[in-house]
Amino acid sequence: GHEAGIVALRKLVECSVAYGVRAVTVYAFSVDNWKRGEGERSFIFKLFETCLQEEIPKLLENNVRIQFIGNRDALSGSLQLLMKRAEAATKGNKTLHLTIAINYSAREDIVSAAQSVAKKVAEEQIEVGDITEQLLENHLSTNVIP
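Residues numbered from 1 in each chain as written. Predicted model: local features only at pLDDT ≥ 70, side-chain atom pairs only at ≥ 80, totals over all residues. Heavy atoms only, no water.

A closer look at the pairing of strand 2 (residues 64-69)
Strand residues, when the strand is regular, have side chains that alternate between the two faces of the sheet. Among the six residues that make up strand 2, five are buried, leaving the element largely enclosed by the rest of the structure. Pairing of strand 2 with strand 3 (residues 96-104) involves six bridges; the strand directions are parallel. What sits directly across from Q67, in strand 3, is T99. (Buried < 20%, exposed > 50% of the residue type's maximum accessible area, 1.4 Å probe, protein only. Helix = DSSP H or I, 4+ residues; strand = E, 2+ residues; numbered from the N terminus. Pairing = 2+ DSSP bridges.)

Have a look at this one:
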């Protein structure tokens, strides 16, 4: 099943590039996936690392920019490094913006954004009346998505 997801993602990226889609966001691993068994989680992360290493040249060739959203702290150091390298290598690419949500929770993202804004209020950098939808959006990790 997980390998089929890789094949489907590859096809999604190829079709998106071919049809001029500018941005795609996919889930690779949600916060809820931590409930899976250790063996399955280990398999998923190893598959993700292998796939990412293999796909970077293809992303470069197809002018695809890749970015990741989600909490990276719980991920292995090798995976974090690989993600950082992939983002740096594809940073200038413009045809397709591929955002991959890994260890991502929308609820946690909203809480984190609210905490960041609250901190600015507490530090008197902004006033409560300055809080707008746009300000909160700017503090979400999804603000990298065009």
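Considerations on a nonpolar patch on the surface
Judged by side-chain polarity, V128, I131 and L136 come together as a nonpolar surface patch covering roughly 240 Å² of accessible area. Mapped onto the fold, V128 is located in the loop between helix 4 (106-122) and helix 5 (133-138). Owing to a relative accessible area of 61%, V128 belongs among the exposed residues under this scheme. (Patch = residues over 30% accessible without salt bridge, like charges linked within 9 Å, V, L, I, M, F, W, Y side chains within 5 Å. Areas by Shrake-Rupley, 256 points an atom, 1.4 Å probe, with all protein chains shown as cover. Salt bridge = Lys/Arg side-chain N within 4 Å of Asp/Glu carboxyl O.)

Considering the environment of N93
Mapped onto the fold, N93 is located in the loop between helix 3 (77-90) and strand 3. Judged by its relative accessible area of 13%, N93 is buried. N93 sits 28 residues away from R65 along the chain, and the two C-alpha atoms are 4.9 Å apart. Side-chain polar atoms of N93 contact the backbone oxygen of V64, separated by 2.9 Å. (Polar contact = N/O pair within 3.5 Å; in protein donor to acceptor, adjacent residues only side chain to side chain.)

Regarding the packing of aromatic side chains
Ring pairs (aromatic) are described by centroid distance and by the angle formed between their planes. Scanning the entire structure with this criterion turns up five aromatic pairs. For the pair F29 and W34, a centre-to-centre distance of 5.1 Å together with 80 degrees between the ring planes defines the contact as edge-to-face. Summarising the aromatic geometry, the rings of F29 and F45 are spaced 4.7 Å apart at their centres and angled 45 degrees between planes, so their arrangement reads as tilted. Placement of F29 in strand 1 (residues 23-30) and of F45 in helix 2 (residues 38-61) is noted, with a sequence separation of 16 residues between them. On the accessibility criterion, F45 (14% relative accessible area) is buried. Clustering of aromatic rings is evident, with ring pairs tying together F29, W34 and F45. (Phe/Tyr/Trp six-rings, centres within 6.5 Å; stacked < 30°, edge-to-face > 60°.)

Remember that the coordinates give geometry; whether it matters functionally is a separate question.
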